[in-house]
Amino acid sequence: MAAPMDDMFSLCVDPVKVASCVEIRFIDRIKGKGLFAKKSIKKGENIFTERPLVSAQFLWNALYKYKACEYCLRALETAEQNARRLSGNPGLSLPHPELCKVRLELHQACPQCQVMYCCSECRQAAAEKYHRVLCLGPSEDNPDHPINKLKDAWRSIHYPPETSSIMLMAKMVAAVKQAKDKAHWQKLFSHFCSRTANEEEEIAHKLLGEQFKGQLALLHSLFTSALFDEHLSRWFVPEGFRSMFALVGTNGQGIGTSSLSQWVHACDALELPVQQREQLDSFIDQLYKDIEKETGDFLNCEGSGLFTLQSTCNHSCIPNAEASFPDNNFLLHLSALCDISPGEEICISYLDCCQRDRSRHSRHKILRENYLFSCSCPKCVSQMEEQDVTSEEEEEEEEEEVEAEGETEGDEMEDEMTDV
């Protein structure tokens with residue numbers, strides 16, 4: 001699962017710090033490798049910062065007008081533009097606009113297809129890494145272009161909330177195609193776990209079952225038509241495509257960026273007189289109420305990426321580290337949630353906060369279907385004697401799903417994919 005250390009360090013912002021903090025060890029045949037602390041790490045300390053091999057904005061997210069740099073996913077709207085759109089108030093003015101660090105004057109478009117980047121460096125990096133293969137030129141808005149047909153098929157199959165993107169797979173292919181050392185890039189991707197089933201526990205990835213056979217066949221056909229390369233023929237045969245699909249589904253790390261969120265954090269850090277602080281806090285509280293009423297919880301530019309080092313972190317339902325994106329781009333910061341001792345494994349959670357609060361049975365169901373393993377973390381071990389029942393939250397969701405299926409019975413999209 002893990003890449004060689006030299007490869008990983010070339011992708012990290014601070015490789016010296018990473019080398020002194022962590023090491024990768026083989027655990028066992030089932031868990032594979034894990035990430036371990038080489039020295040004491042304090043609560044709140046940044047363990048490492050890493051950039052992804054590839055990343056991509058979710059296709060529905062882009063369709064909903066969330067503007068992000070095509071390369072680093074930095075939000076392209078200013079906080080005020082973001083707030084105006086999300087609140088439905090085009091005349092809204094934010095106090096302290098100087099706290100928004102989005103610099104519109106630096107934005108650049110690809111001269112061929114007009115895809116936007118936050119700066120010339122990102123545009124150049126994308127062009128050198130993968131964009132020459134994926135650039136559609138004047139066909140960017142042509143629905144009949146093979147890549148646009150692939151994107152449209154993905155959207156018709158995989159509705160929000162998205163957790164992955166077919167474009168991660170497309171960028172993997174494009175990166176290898178453009179690379180001078182193609183074997184090196186293929187080797188980097190080969191270190192990610194890409195198994196479609198766990199034979200030991202007889203678990204298969206939930207989206208690779210018979211019920212989704214038709215959708216996967218369609219994606220495979222369109223993917224091959226758009227991107228086939230004879231040097232990567234193993235990725236385009238049915239089993240190779242299924243493995244790539246499992247790779248991005250299992251290893252893809254969600255990325256969220258938001259100019260508005262960055263502005264709010266900057267406002268929170270201001271030292272203000274009591275009255276001004278109360279006025280600013282009241283303004284922000286009302287703004288979020290207006291946004292919730294107009295837009296709901298879907299607030300950020302969202303996408304996912306493949307992170308070599310972060311992907312070696314195993315799961316725990318009581319994690320001692322978490323990933324975040326404080327730079328408002330694709331740079332992943334892994335921070336300690338508690339003090340970590342030398343030799344201790346560094347674990348993140350593959351579940352969100354709400355999922356971690358569910359019953360052991362519910363947590364295991366999600367992990368088995370999406371990540372092909374049963375968790376044996378201390379929390380799960382301590383709850384082994386609990387009755388194997390589904391938590392109330394999941395029962396309610398299942399009832400809603402049954403009702404929705406009943407309403408759409410006979411519809412050709414009855415078997416739509418809604419989660420990867």
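Here we summarise the structure given alongside this text. Not measured: the values here are computed from a predicted model.

Digging into the side chain of Asn-148
Here's step 1: With respect to the helices and strands, Asn-148 occurs in helix α6 (residues 146–157).
Here's step 2: At 3.3 Å, the side chain of Asn-148 forms a polar contact with the backbone oxygen of Ser-139.

Some details on the pairing of strand β3 (residues 46–50)
Here's step 1: The buried count for β3 comes to four of five residues, which makes it a mostly enclosed element.
Here's step 2: Relative to strand β13 (residues 332–336), β3 runs antiparallel, the two sharing four bridges. Bridge pairing in β13 links Phe-48 to Leu-334.

Observations regarding the sheet that holds strand β9 (residues 253–257)
Here's step 1: Strands sit in the order β4-β10-β9 across an open sheet of three strands; the sheet is antiparallel. The sheet terminates laterally at β4 (54–57) and β9, the two strands that pair on one side only. Ignoring which end each strand starts from, the neighbouring axes of this sheet average 30° apart.
Here's step 2: Looking at chain direction, β4 and strand β10 (residues 301–306) are connected through four bridges and run antiparallel.

Notes on the pattern of salt bridges
Note that side chains of opposite charge can pair when their charged atoms are close.
Here's step 1: Enumeration according to the criterion identifies eight salt bridges in this entry.
Here's step 2: Residue Glu-23 is joined to Arg-25 by a salt bridge in which the shortest nitrogen-to-oxygen separation is 3.0 Å.
Here's step 3: Salt-bridge contacts for Asp-281 lead to Arg-277; the nearest nitrogen and oxygen are separated by 3.2 Å. You can see Asp-281 and its partner Arg-277 sitting in helix α13 (residues 274–294), four residues apart, about one turn around the helix.

Observations concerning helix α8 (residues 182–190)
Here's step 1: For α8, the set of buried residues is Trp-185, Gln-186, Leu-188 and Phe-189. Viewed along the axis of α8, the buried residues span an arc of 155°, placing them on a single side of the element.

Quick word on the packing of aromatic side chains
Here's step 1: In the structure shown here, the tally under the stated rule is 14 aromatic pairs.
Here's step 2: Ring plane angle 45° and centroid distance 5.8 Å describe the contact between Trp-60 and Tyr-64, whose orientation is recorded as tilted.
Here's step 3: On the numbers, 5.4 Å between centres and 55° between planes, the contact of Phe-223 with Phe-241 is tilted. Highlighted residues: Phe-223 in helix α9 (residues 213–227) and Phe-241 in helix α11 (residues 238–251), separated in sequence by 18 residues.
Here's step 4: By way of ring pairs, the aromatic residues Trp-154, Phe-223, Phe-228, Phe-236, Phe-241 and Phe-245 are connected into one cluster.
Here's step 5: Here the guanidinium or amino end of Arg-85 rests over the ring plane of Tyr-66, the centre of that ring lying 4.5 Å away.

A closer look at the environment of Ser-335
Here's step 1: Tracing the chain through its elements places Ser-335 in strand β13.
Here's step 2: Taking relative accessible area as the criterion, Ser-335 reaches 18% and is therefore assigned buried.
Here's step 3: As for Ser-335 and Ile-47, which are separated by 288 residues in sequence, their C-alpha atoms are 5.4 Å apart.
Here's step 4: Look past the residues within four positions of Ser-335 in its chain and what remains in contact with it is Glu-45, Asn-46, Ile-47, Asn-320, Ala-321 and Glu-322.

Considering the sheet that holds β3
Here's step 1: The three strands lie next to each other as β3-β13-β12, forming an open sheet whose pairing is antiparallel. Lying at the two open borders of the sheet, with one neighbouring strand each, are β3 and β12 (321–324). Looking at each pair of strands side by side, their axes are set apart by 20° on average, direction ignored.
Here's step 2: In terms of strand pairing, β12 meets β13 through four bridges, oriented antiparallel. By the bridge assignment for β13, Ala-323 is matched with Leu-334.

Comments concerning the nonpolar core
The nonpolar side chains of soluble globular proteins are, as a tendency, buried together.
Here's step 1: Formed by 75 residues in total, the largest nonpolar core has its most connected members in Ile-47, Phe-189 and Phe-223.
Here's step 2: Here the element with the most residues in this core is helix α7 (residues 166–178); it accounts for 10 residues.
Here's step 3: If sequence neighbours within four positions are ignored, Phe-189 has contacts with Leu-53, Val-54, Met-172, Val-176, Trp-235, Leu-247 and Leu-306.
Here's step 4: Core analysis: the second largest hydrophobic core is formed by 20 residues, Ala-79, Leu-94, Cys-100 and Ile-284 among them.

Reading guide: rules and limits
- Residues numbered from 1 in each chain as written.
- Predicted model: local features only at pLDDT ≥ 70, side-chain atom pairs only at ≥ 80, totals over all residues.
- Heavy atoms only, no water.
- Helix = DSSP H or I, 4+ residues; strand = E, 2+ residues; numbered from the N terminus.
- Polar contact = N/O pair within 3.5 Å; in protein donor to acceptor, adjacent residues only side chain to side chain.
- Buried < 20%, exposed > 50% of the residue type's maximum accessible area, 1.4 Å probe, protein only.
- Pairing = 2+ DSSP bridges.
- Axes fitted to C-alpha atoms, helices over the stretch in contact; angles between N-to-C directions.
- Salt bridge = Lys/Arg side-chain N within 4 Å of Asp/Glu carboxyl O.
- Arc of directions from axis to C-beta.
- Phe/Tyr/Trp six-rings, centres within 6.5 Å; stacked < 30°, edge-to-face > 60°.
- Lys NZ or Arg CZ within 6 Å of the ring centre and 35° of its normal.
- Contact = heavy atoms within 4.5 Å.
- Core = buried A, V, L, I, M, F, W, Y, C linked by side-chain atoms within 4.5 Å.

In short, shape yes, function no, at least from these values alone.
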